[in-house]
Amino acid sequence: MSTLTIENLTKEYGDVTALEDVSFEIDDEFVVLLGESGAGKSTLLRCVNGLTEPTSGDIYLDGEAISGSQPEVGMIFQQHNLVEGISAYLNALTGSLADTSTAESLFQRQDRETKTRALDALETVGLLDEAHQRVSEMSGGQQQRVGIARGLVQNPSLVLADEPVASLDPSSAESVMGYLKKAATVHEVTALVSLHQVNIAAHFGDRFLGLREGRLMFDVGPDELTPALVDDLYGSVETVALAATDTDQTGEEKQRLEVEV
Ligand code: ADP
Ligand code: MG
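Residues numbered from 1 in each chain as written. Chains lettered and ligands numbered in written order. Predicted model: local features only at pLDDT ≥ 70, side-chain atom pairs only at ≥ 80, totals over all residues. Heavy atoms only, no water.

A. Looking closely at the overall build of the protein. For the protein, the count of helices and strands is 10 helices and 10 strands. The 261 residues of the protein split such that 49% are buried. A sequence separation of at least 24 residues applies to 68% of the contacts in the protein between residues at least 6 apart. Summed over its atoms, the accessible surface of the protein is roughly 11,800 Å², and 44% of this surface lies on carbon and sulfur atoms. (Helix = DSSP H or I, 4+ residues; strand = E, 2+ residues; numbered from the N terminus. Buried < 20%, exposed > 50% of the residue type's maximum accessible area, 1.4 Å probe, protein only. Contact = heavy atoms within 4.5 Å. Areas by Shrake-Rupley, 256 points an atom, 1.4 Å probe, with all protein chains shown as cover.)

B. Just the packing of helix 4 (residues 112-124) against helix 5 (residues 140-153), in detail. At a minimum axis distance of 8 Å, the contact between helix 4 and helix 5 shows a crossing angle of 145°. Judged by the twist between their axes, the crossing of helix 4 over helix 5 is right-handed. Each of Thr-114, Arg-117, Ala-118, Ala-121 and Leu-122 in helix 4 lies in contact with helix 5, whose residues at this interface are Ala-149, Leu-152 and Val-153. Residues belonging to the contact of helix 4 with helix 5 are distributed by class as follows: 6 nonpolar, 1 polar and 1 charged. (Axes fitted to C-alpha atoms, helices over the stretch in contact; angles between N-to-C directions. Left-handed = near helix turned anticlockwise from the far one by under 90°. Nonpolar A, V, L, I, M, F, W, Y, C, P; charged D, E, K, R; others polar.)

C. Region of the structure containing the sheet that holds strand 2 (residues 16-27). Here we have 4 strands laid out as an open sheet, ordered 2-1-4-5, and antiparallel in their pairing. Across the chains shown, the open sheet's two edge strands, defined by having one partner strand only, are strand 2 and strand 5 (64-65). Bridge analysis of strand 1 (residues 3-13) against strand 2 gives 8 bridges, and the strand direction is antiparallel. Opposite Glu-12, over in strand 2, you have Thr-17 as the bridge partner. Set on the sheet, helix 1 (residues 41-48) makes contact with strand 1, strand 2 and strand 4 (56-61); between it and strand 1 the angle comes to about 120°. (Pairing = 2+ DSSP bridges.)

D. Structural detail: the confidence of the model for the protein. Taken over all residues, the pLDDT of the protein has a mean of 85, while the share at 70 or more is 83%. Here residues 246-261 is a poorly scored stretch, pLDDT under 50, and it has 22 contacts once near neighbours within four places are set aside; other chains count. (pLDDT = per-residue confidence, 0-100.)

E. Structural view of the site of ligand 1. Taken together, Tyr-13, Val-16, Ala-18, Glu-36, Ser-37, Gly-38, Ala-39, Gly-40, Lys-41, Ser-42 and Thr-43 form the complete shell of residues around ligand 1. Contacts to ligand 1 include Lys-41, whose side-chain N or O atom sits 2.8 Å from an oxygen atom. With respect to ligand 1, the side chain of Ser-42 contributes an N or O atom lying 2.8 Å from an oxygen atom. For ligand 1, whose free accessible area comes to 550 Å², the fraction covered by protein is 59%. Elements that contribute at least two residues to the shell around ligand 1 include exactly strand 2 and helix 1. It is helix 1 that provides the largest number of residues to the shell around ligand 1, a total of 3 residues. Counted by class, the shell around ligand 1 contains 4 nonpolar, 5 polar and 2 charged residues. (Near = heavy atom within 4 Å. Polar contact = N/O pair within 3.5 Å; in protein donor to acceptor, adjacent residues only side chain to side chain.)

F. The arrangement of the sheet that holds strand 6 (residues 73-76) in detail. The 6 strands lie next to each other as 6-7-8-3-9-10, forming an open sheet whose pairing is mixed. The outermost strands of the open sheet, each flanked by one partner alone, are strand 6 and strand 10 (215-220). The sheet shows a mean angle of 20° between the axes of neighbouring strands, taken without regard to direction. Here strand 9 (residues 207-212) pairs with strand 10 via 5 bridges, running antiparallel. Note on strand 10: the bridge partner recorded for Leu-211 is Leu-216. Across the face of the sheet, helix 1 comes into contact with strand 3 (30-34), strand 6, strand 7 (158-162), strand 8 (190-195) and strand 9 while running at roughly 150° to strand 7.

G. Representation of the packing of aromatic side chains. In total, this model carries 0 aromatic pairs according to the counting rule given. A cation sits over an aromatic face here: Lys-11 above Tyr-13, 5.1 Å from the ring centre. (Phe/Tyr/Trp six-rings, centres within 6.5 Å; stacked < 30°, edge-to-face > 60°. Lys NZ or Arg CZ within 6 Å of the ring centre and 35° of its normal.)

H. The nonpolar core, seen in detail. Residues Phe-30, Leu-34 and Met-177 are the most contacted members of the largest nonpolar core, which totals 48 residues. No other element matches helix 6 (residues 170-186), which puts 6 residues into this core. Looking at this core, you find at least three residues from each of domain 1 (1-72 + 157-261) and domain 2 (79-155). Dropping the residues within four chain positions of it, Leu-34 is found in contact with Lys-41, Leu-195, Val-198, Ala-201, Phe-208, Leu-209, Gly-210, Leu-211, Phe-218, Leu-225, Leu-233 and Tyr-234. Counting residues in each nonpolar core, the second largest holds 24 residues, with Leu-4, Leu-9, Ile-66 and Leu-192 among its members. (Core = buried A, V, L, I, M, F, W, Y, C linked by side-chain atoms within 4.5 Å. Domains from an automatic or database assignment.)

Take a look at the structure:
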């Protein structure tokens, strides 16, 4: 677990302001970053992971300024970035390496502890029995679960996931999000997960950050994620979907959502 602190983060690409003066702190939670396409979600995650240099502002992990790529930060991508021709286990173990021979030679050098962690991580995402299956033979949901396992192997204290279920059908998306939440809980990592599907987010988030045009519009807990707030972020279509599809909600919650719609 760790504390991520973002202070006055701004990122400009030429004339485009992708992030504007964003500040927040998250601490030992499963936090969902909401916002429509172009809102700045990927830019924010890439700044935290050191893949993108902020224009201004500061990022701290447990009080230490982040600079460049950090071993204590695990990343799970939308397109899972796996090596399709090798097994789930080798992928979990060696990360996204360009070619199979590199992955296999690296495999020889991994210590026993790392190998055990790879198997633990595959077990967490329910793929221990499929550990030796080629990724190319797996479903999209299974592949994304391998991506989650890989994000856990370096023992991160913070895991970032950029629209990890964007390319999946709704029921696979729910299932994969369930595994991601379980993984964060079991491995005790703070998680910052971007999603554009509000109904899925509402099931899993401990807290919700809303980005619109690079600005932080809200920072709320589950009880405060009202359709009115979601409307502000997306317009009304998603709000109707939230009330209609969120079948796991209690009757009372559902009623509250319907009344506010
Ligand atoms: P999201 O992930 O929420 O869809 P992004 O962070 O990808 O949003 O993009 C935020 C804004 O920054 C968009 O206007 C996008 O076009 C712009 N942007 C993102 N990456 C780049 C880049 N490498 N070069 C120029 N503009 C970019
Ligand atoms: Mg994005």
